[in-house]
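Spelled out, the chains give:
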Amino acid sequence: MASGGLQLLGFVLAFLGWIGIIISTAMPQWKMASYAGDSIVTAQALYEGLWMSCAMQSTGQIQCKVYDSLLKLESSLQATRALMVAAILLGLVAVFVAVTGMKCMKCMEDDQVKKMRMAVFGGVIFIIAGLAALVATSWYGNRVARAFYDPFTPVNTRFEFGSALFIGWAAASLAMLGGAFLCCSCPRRETSYPPTRGYPKNAPSTGKDYV
């Protein structure tokens, strides 16, 4: 019963992490314009994401522009896109696999060993998806930080971490934590020993001696 509760907790955490990865990928606030160190007053806020760049006016109006060409983008941005999309697809596969192995589901009830393995396999896929998202967000954040502290970067073109990065980090952590719970939710197999063989009884002696 305890393993079933741990399994359900792991699936909920991993599923929430997967949803967070999707939200983070779609958000345009991967980095936001910063004017630290200067007294520039602007009437708009600039954001850049994986798919578009946006400008929010002081009136609250937001204007976004989707990146025109994939080939014109930086290779690092393309790699970040690929990792996040891979994390989403892996998470989708993990959801179906883990649901199949959940103890509360009716499927595969006749083979509990395979059902248990499906839950563990789903947890492993969730961990891989979380790692892909963590690598993508950390790589992107490292590039933003290096450009921010670069003395040759103009002050009015410096960017800081956007909210999508923090959501991505939290979502990746949840996906990996939930996957780990799924992997640890299976009960340990009890060691089984082969049945002891009975030794044949000696035939009763007839009292005759053979030479």
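Not measured: the values here are computed from a predicted model.

Asker: Any chance you could break down the state of the cysteines for me, citing the residues and the numbers?
Answerer: The full count for this structure, using the stated rule, is one disulfide. Here Cys 54 pairs with Cys 64 through a disulfide, and the sulfurs are 2.0 Å apart. On the sign convention where negative means left-handed, the S-S torsion of about 110° between Cys 54 and Cys 64 marks this disulfide as right-handed. Pair noted here: Cys 54 is in strand E3 (residues 52–57) and Cys 64 is in strand E4 (residues 62–66), with a separation of 10 residues, a long-range link.

Asker: How would you explain the nonpolar core if you had to name every residue and give the values?
Answerer: Among the nonpolar cores identified, the biggest contains 31 residues, and Phe 11, Ile 21, Trp 30, Met 84, Phe 126 and Tyr 140 are the most heavily contacted of them. Elements that contribute at least two residues to this core include exactly helix H1 (2–26), helix H2 (75–101), helix H3 (112–149) and helix H4 (163–184). A per-element tally of this core places H2 first, with eight residues. Ignoring sequence-local partners within four residues, the contact set of Tyr 140 consists of Trp 30, Lys 31, Glu 48, Gly 49, Leu 50, Leu 77, Thr 80 and Leu 165.

Asker: Let's hear about the UniProt feature "transmembrane region" (unreviewed entry) in the chain: which residues, and what values?
Answerer: Under the UniProt annotation, the feature "transmembrane region" (unreviewed entry) is placed at residues 7–27, 79–99, 119–141 and 161–184. End-to-end, the C-alpha atoms of residues 119–141 are 33 Å apart, and along that stretch the chain is 100% helix and 0% strand. Strand forms 4% of residues 161–184 and helix 92%; the C-alpha atoms that close the span are 34 Å apart.

Asker: Tell me about the packing of aromatic side chains, and name the residues and values.
Answerer: Applying the stated criterion to the full structure yields seven aromatic pairs. The interplanar angle of 75° and the centroid separation of 5.1 Å between the aromatic rings of Trp 30 and Tyr 140 together place this pair among those described as edge-to-face. With Trp 30 in the loop between H1 and strand E1 (31–34) and Tyr 140 in helix H3, the pair connects residues that are 110 residues apart, well separated along the chain. Each member of the pair, Trp 30 as well as Tyr 140, carries the same accessibility label: buried. By way of ring pairs, the aromatic residues Phe 11, Phe 15 and Trp 18 are connected into one cluster.

Asker: Any chance you could break down the pairing of E4 for me, citing the residues and the numbers?
Answerer: With zero of its five residues buried, E4 lies for the most part at the surface. Relative to E4, E3 runs antiparallel, the two sharing five bridges. Of the residues in E4, the one forming a bridge with Ser 53 is Lys 65. From the end of E3 to the start of E4, which pair antiparallel, there are four residues, and Gly 60 there has a positive phi angle of about 100°.

Asker: Help me get a handle on the layout of surface pockets, residues and values and all.
Answerer: As a volume, the largest pocket reaches approximately 300 Å³. Mapped by element, the contributors of at least two residues to the lining of the largest pocket are H3 and strand E5 (158–161). Considering each element in turn, the lining of the largest pocket owes the most residues, five residues, to H3. Among the residues making up the lining of the largest pocket, the classes are represented as eight nonpolar, three polar and five charged.

Asker: Please give an account of H4 that cites residues and values.
Answerer: The terminal C-alpha atoms of H4 lie 32 Å apart, and with 22 residues this matches the ideal 32 Å at 1.5 Å per residue to within 8%. All buried positions along H4 are accounted for by Ala 164, Leu 165, Gly 168, Ala 171, Ala 172, Ala 175, Met 176, Gly 178, Gly 179 and Leu 182. Down the axis of H4, the buried set is contained in an arc of 165°. They therefore lie on one face.

Asker: Just give me the short version of the environment of Gln 29, but keep the residues and values in it.
Answerer: Along the chain, the position of Gln 29 falls in the loop between H1 and E1. Overall, Gln 29 belongs to the partly exposed group, its relative accessible area being 22%. The spacing of Gln 29 and Leu 165 is 136 residues in sequence and 7.8 Å in space, taken between C-alpha atoms. With near-sequence residues (within four places) excluded, Gln 29 lies in contact with Tyr 47, Glu 48, Gly 162, Ser 163, Ala 164 and Leu 165.

Asker: So what about the pattern of salt bridges? Which residues, and what values?
Answerer: Applying the stated criterion across every chain yields a total of three salt bridges. Note that Lys 65 and Asp 68 form a salt bridge whose closest N and O atoms lie 3.9 Å from each other. Residue Lys 65 is classed as exposed on the basis of its relative accessible area of 53%. Measuring nitrogen to oxygen at the nearest pair gives 2.6 Å for the salt bridge that ties Arg 143 to Glu 74. Remark: Glu 74 occurs in the loop between E4 and H2 and Arg 143 occurs in helix H3; sequence separation between them is 69 residues. According to the relative accessible area criterion, Arg 143 is partly exposed, its value standing at 24%.

Criteria and thresholds
Residues numbered from 1 in each chain as written. Predicted model: local features only at pLDDT ≥ 70, side-chain atom pairs only at ≥ 80, totals over all residues. Heavy atoms only, no water. Disulfide = S-S within 2.5 Å. Helix = DSSP H or I, 4+ residues; strand = E, 2+ residues; numbered from the N terminus. Core = buried A, V, L, I, M, F, W, Y, C linked by side-chain atoms within 4.5 Å. Buried < 20%, exposed > 50% of the residue type's maximum accessible area, 1.4 Å probe, protein only. Contact = heavy atoms within 4.5 Å. UniProt positions renumbered as here; feature names shortened; annotations may be inferred. Phe/Tyr/Trp six-rings, centres within 6.5 Å; stacked < 30°, edge-to-face > 60°. Pairing = 2+ DSSP bridges. 1 Å grid on protein atoms, 1.4 Å probe; cavity = no way out; pocket = protein on both sides within 12 Å on 5 of 7 lines; lining within 4 Å. Points joined across faces, edges and corners; volume = space filled by probe spheres on them. Nonpolar A, V, L, I, M, F, W, Y, C, P; charged D, E, K, R; others polar. Expected span 1.5 Å × (residues − 1). Arc of directions from axis to C-beta. Salt bridge = Lys/Arg side-chain N within 4 Å of Asp/Glu carboxyl O.

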